[in-house]
Amino acid sequence: MSTLVVVGTQWGDEGKGKIVDLLTEYADVIVRFQGGNNAGHTLLVDGKKFICHLIPSGILHGNKVCLIGNGVVFDPSVFIEEIKELSSKGMPVSPDRLRLSSNAHLIMPYHKALDHARENAKAEGKRLGTTGRGIGPCYEDKIVRNGIKVGDLLDPVLFREKLADNVKEKNFILTKMLNAEPVDTEDIYREFQEHARRLAPFIDNVSILIDDARRKGKALLFEGAQGTQLDIDHGTYPYVTSSNTVAGAACCGAGIGPSKIDKVVGICKAYTTRVGAGPFPTELEDVVGDHLQEKGAEFGATTGRRRRCGWLDGVVLRDAVRINGLDGLAITKLDVLSGINPLNICTEYEVSGTRHLHMPGNIREVESVCPIYKTLPGWQEDLSQMKSMEDLPKEARDYLKAMEDIAGIPIMLISVGPGREQTIFLKNPFD
Ligand code: GDP
Ligand code: IMO
Ligand code: MG
């Protein structure tokens with residue numbers, strides 16, 4: 001087994017950073033394949049916290065290679081800042097272990113301006129609650145074929161030409177349609193020439209690097225960002241991000257064929273959170289929701305926003321198993337449920353008297369579903385130092401069993417705290 005894809009099964013923030021950091025021990029190469037710095041993946045190592053927005057979460061292992069694939073939308077200033085921060089924390093990063101696809105698209109200043117201006121122009125209640133990082137507008141330009149790629153930085157003439165065309169169009173939209181400030185071609189050109197100088201040594205053909213590594217028998221770990229319900233096709237559209245977040249995206253977003261992926265693992269928080277707008281059938285706006293938010297420290301790792309919290313949603317989990325072709329689960333934040341009694345797990349939705357095992361396709365229907373719950377006894381014990389399944393109280397084991405029954409696949413890992421050591425390994429996904 002040498003190629004593993006790890007994805008979020010819910011609305012993001014499942015704990016992908018922690019699990020990827022942990023699994024990096026068994027991998028040689030770690031690859032991001034979609035999204036951008038809308039992601040915030042938290043790593044807690046030796047009591048020190050680091051949040052990866054753009055650089056793969058394997059970076060804290062000094063001897064592993066990290067790659068940023070073509071499917072990522074790339075903000076150079078965030079990348080440079082992240083490298084600086086790593087360096088200031090005693091982890092210098094050089095191009096010998098971090099490479100960037102020349103085919104990734106650049107997030108330009110006008111993408112961020114458009115992201116903000118579009119959200120501001122929307123009426124209260126109609127906003128998506130984006131991270132404001134320019135993600136949607138950048139993917140939009142990629143799809144309409146106006147995008148500027150990382151590789152274009154190395155061709156100043158082409159870069160300037162594309163930039164000038166884009167600025168003309170974007171300034172029209174910004175000033176005439178969105179009542180926002182224009183951007184300046186020369187300012188952007190100067191800023192990006194400086195970026196080009198710094199990024200040049202990192203730019204490469206990531207698909208070839210992946211293929212070479214695979215042929216040499218190296219183990220590859222593909223790190224998803226966001227989560228299945230934020231997928232542009234399979235999520236709660238339009239309250240989603242602008243990329244495919246599901247496991248299949250690893251192939252197009254990194255340049256590896258589907259026959260070369262060995263296994264897919266889904267990360268599932270033991271309850272549900274969502275940051276930003278959109279339907280959330282099992283949301284709790286009561287003391288239990290507050291308990292989850294406070295004990296789980298549920299604040300966005302990118303925007304600092306308070307995350308909405310609710311019961312575990314089995315419909316979401318079941319869909320994630322199917323859409324991603326999951327082989328196993330990593331359950332996170334089980335420790336946060338201690339002290340809540342009883343516990344509910346949503347097993348189905350009801351809409352106008354009809355039961356649904358899967359997420360309805362129509363957003364109005366999703367907004368009107370009524371969750372059907374299975375109620376289980378809770379537990380009081382602190383799980384955060386527990387090392388094996390046998391240590392866990394029976395109620396916690398029953399809760400995990402209920403998750404497995406819904407998913408129909410085995411749990412491979414159980415996380416009981418943010419630290420590396422706070423993990424119960426049942427089965428190594430790389431075996
Ligand atoms: P990601 O975007 O999926 O990587 O997740 P985030 O980093 O945005 O959010 C997950 C948060 O939960 C981070 O603060 C982690 O340090 C923390 N975390 C991860 N696993 C656990 C766990 O098992 N228990 C607790 N209490 N915290 C965890
Ligand atoms: P990680 O990788 C949670 C959400 C935003 C918003 C919607 C669209 O840390 O799990 P965007 O800026 O992408 O256009 O915003 O998607 N969102 C996330 N929510 N975790 C994330 O990433 C997210 N990335 C985007 O809050 O609702
Ligand atoms: Mg996050």
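Values in this document were obtained by computation on a predicted structure and should not be read as measured data. (Residues numbered from 1 in each chain as written. Chains lettered and ligands numbered in written order. Predicted model: local features only at pLDDT ≥ 70, side-chain atom pairs only at ≥ 80, totals over all residues. Heavy atoms only, no water.)

**Notes on the site of ligand 1**
To keep it simple, the criterion reads: Summary of the distance rule: residues count as near a molecule or strand when at least one heavy atom falls within 4 Å of that molecule or strand. Whenever two N or O atoms come within 3.5 Å, that pair is a polar contact, provided that in protein one can donate a hydrogen and the other can accept it, and provided that, for residues adjacent in sequence, both atoms are side-chain atoms. Under the convention used here, a 1.4 Å probe and the Shrake-Rupley method define accessible areas, while residue burial counts only the protein chains that appear. Using only the protein atoms, space was sampled on a 1 Å grid; points where a 1.4 Å probe fits but cannot get out form cavities, open sets with protein on both sides within 12 Å along at least five of seven lines form pockets, and lining residues are those with an atom within 4 Å of a point. By definition, a pocket or cavity contains a molecule when more than half of the molecule's atoms lie within 2 Å of the pocket's grid points. Secondary structure is summarised from DSSP: a helix means a run of H or I of at least four residues, a strand means a run of E of at least two, and numbering begins at the N terminus for each. By the convention adopted, Pro, Cys, Tyr, Trp, Phe, Met, Ile, Leu, Val and Ala count as nonpolar, Lys, Arg, Asp and Glu as charged, and the other residues, Gly among them, as polar.
Residues in contact with ligand 1 amount to 19 residues; listed here are only the nearest, Lys16, Gly17, Thr42, Asp335 and Ser415. For ligand 1, an oxygen atom lies 2.8 Å from a polar atom in the backbone of Gly17. Between ligand 1 and Gly40, the relevant distance is 2.8 Å, taken from an oxygen atom to a main-chain nitrogen or oxygen of the residue. Starting from 590 Å² of accessible surface for ligand 1 in isolation, the protein chains cover 91%. Judged by the proximity of its atoms to the pocket grid, ligand 1 belongs to the second largest pocket. Of all the elements, helix H1 (residues 16-23) adds the most residues to the shell around ligand 1, at three residues. Tallied by class, residues from the shell around ligand 1 come to four nonpolar, eight polar and seven charged.

**Some points on the side chain of Thr347**
Here is the rule: Only protein chains enter the accessibility calculation, which uses a 1.4 Å probe; a residue whose area is less than 20% of its type maximum is buried, one above 50% is exposed, and one in between is partly exposed. Here, two residues are considered to be in contact whenever any of their heavy atoms come within 4.5 Å of each other.
Residue position: Thr347 is located in strand E16 (residues 343-351). Thr347 gets classed as buried once you look at its relative accessible area, which sits at 17%. Residues in contact with Thr347, not counting those within four places in the same chain, are Val315, Arg318, Leu357, Ile372, Lys374 and Ile406.

**Considering the site of ligand 2**
Taken together, 20 residues lie around ligand 2, and Asp13, Lys16, His41, Thr131 and Thr241 are the ones closest in. One of the backbone N or O atoms of Gly40 is found 2.9 Å from an oxygen atom in ligand 2. In isolation ligand 2 exposes 550 Å². Once the protein is present, 97% of that is buried. Broken down by class, the residue content of the shell around ligand 2 amounts to seven nonpolar, 10 polar and three charged.

**Digging into the coordination of the magnesium ion (ligand 3)**
Cut-off, in case you're wondering: Only N, O and S atoms count as donors, using a 2.8 Å cut-off from the metal and 3.2 Å for Na, K and Ca, and because water is excluded some sites may appear unfinished.
Coordination of the magnesium ion (ligand 3) by the protein is provided by Asp13 (OD) and Gly40 (O), with metal-donor distances spanning 2.0 to 2.2 Å. Residue Asp13 is found in the loop between strand E1 (3-8) and H1, and its partner Gly40 is found in the loop between strand E2 (29-32) and strand E3 (41-45); the two are separated by 27 residues along the sequence.

**Focus on the packing of helix H5 (residues 156-177) against helix H6 (residues 185-199)**
Defined as follows: Note on geometry: axes are C-alpha line fits, over the in-contact stretch for helices, and angles between N-to-C directions span 0 to 180 degrees. Helix crossings fall into two classes, left-handed where the near helix is turned counterclockwise from the far one by less than a right angle and right-handed where it is turned clockwise.
Running from N to C, H5 and H6 cross one another at 145°; their axes reach a closest spacing of 10 Å. Between H5 and H6 lies a crossing of right-handed hand. From H5, Pro156, Phe159, Arg160, Leu163, Ala164 and Val167 reach across to H6, where they touch Thr185, Glu186, Ile188, Tyr189, Phe192 and Gln193. Residues belonging to the contact of H5 with H6 are distributed by class as follows: eight nonpolar, two polar and two charged.

**Quick look at the domain arrangement of the protein**
When the parts come together, some accessible area is lost, and that loss is often what is quoted as the size of the interface. Going by this rule: These domain limits were set by an automatic method or by a database of domain assignments. Buried area: the sum, over both parts, of the accessible surface (1.4 Å probe) that disappears when the two are put together. In what follows, salt bridge is the name for a side-chain nitrogen of Lys or Arg lying within 4 Å of a carboxyl oxygen of Asp or Glu.
Domain annotation for the protein reports domain 1 (3-96 + 205-425) and domain 2 (105-202). Between the C-alpha centres of domain 1 and domain 2 the distance comes to 29 Å. Opposite the 30 residues of domain 1 that make contact, domain 2 presents 23 residues. Taken over both partners, the interface formed by domain 1 and domain 2 buries close to 2100 Å², and the fraction arising from carbon and sulfur atoms is 63%. For the pair domain 1 and domain 2, the interface holds one salt bridge. Note that Asp75 and Lys112 form a salt bridge whose closest N and O atoms lie 2.8 Å from each other. There are eight residue pairs in polar contact (both at pLDDT 80 or more) connecting domain 1 and domain 2. Among the elements of the structure, strand E6 (73-74) and helix H2 (76-88) are those that each provide at least two residues to the side of domain 1 that touches domain 2. Looking at which element gives the most residues to the side of domain 1 that touches domain 2, the answer is H2, with six residues. For the side of domain 1 that touches domain 2, the residue count by class is 12 nonpolar, 15 polar and three charged.

**Some details on unusual backbone geometry**
Residue Pro238 is reached from Tyr237 by a cis peptide bond, and omega for that bond is 5°. Looking at the secondary structure, you find Pro238 in the loop between strand E10 (220-223) and helix H8 (249-254). Across the junction of Asn341 and Pro342, the peptide omega takes the value 0°, indicating a cis bond. Tracing the backbone through its elements, the reader meets Pro342 in the loop between strand E15 (328-332) and E16. In the Ramachandran plot, Asp13 falls in the positive-phi region, its phi being about 60° despite a non-glycine side chain. Its identity is not glycine, yet Gln226 carries a phi of approximately 55°, on the positive side. Note that Gln226 resides in the loop between E10 and H8.

**Some thoughts on the sheet that holds strand E5 (residues 65-68)**
Where we set the bar: Any two strands are treated as partners once DSSP identifies two or more bridges connecting them.
Spatial ordering of the open sheet is given by E9-E7-E5-E2-E10-E1-E11-E15-E19-E20, a layout of 10 strands whose pairing is mixed. At either margin of the open sheet sits one strand with a lone partner, and together these are strand E9 (203-204) and strand E20 (423-425). Of the strand pairs in this sheet, E15 and strand E19 (residues 411-415) are connected by three bridges, and their pairing is parallel. The partner of Ala330 across the bridge, within E19, is Leu413. Most of the contacts of H1 go to E1, to which it runs at about 165°, and overall it touches E1, E2, E10, strand E11 (263-269), E15, E19 and E20.

**Describing the packing of aromatic side chains**
Heads up, the condition is: Any pair of Phe, Tyr and Trp rings, taking the six-membered ring for Trp, is counted once the centres come within 6.5 Å. Such a pair is stacked with planes under 30 degrees apart, edge-to-face with planes over 60 apart, and tilted for the rest. As a reminder, the over-ring test applies to NZ of lysine and CZ of arginine, requiring each to be within 6 Å of the ring centre and within 35 degrees of the ring normal.
This model, assessed by the stated rule, comprises seven aromatic pairs. Considering the side-chain rings of Trp11 and Phe280, the 5.6 Å spacing of their centres and the 45° angle between planes classify their relative orientation as tilted. Residue Trp11 is found in the loop between E1 and H1, and its partner Phe280 is found in the loop between strand E12 (272-274) and helix H9 (287-295); the two are separated by 269 residues along the sequence. As far as burial versus exposure is concerned, Trp11 and Phe280 are alike and both buried. One aromatic cluster is present, formed by Phe74, Phe79 and Phe202 through successive ring pairs. When the ring centre of Tyr189 is taken as reference, the NZ or CZ atom of Arg160 above it lies at 4.0 Å.

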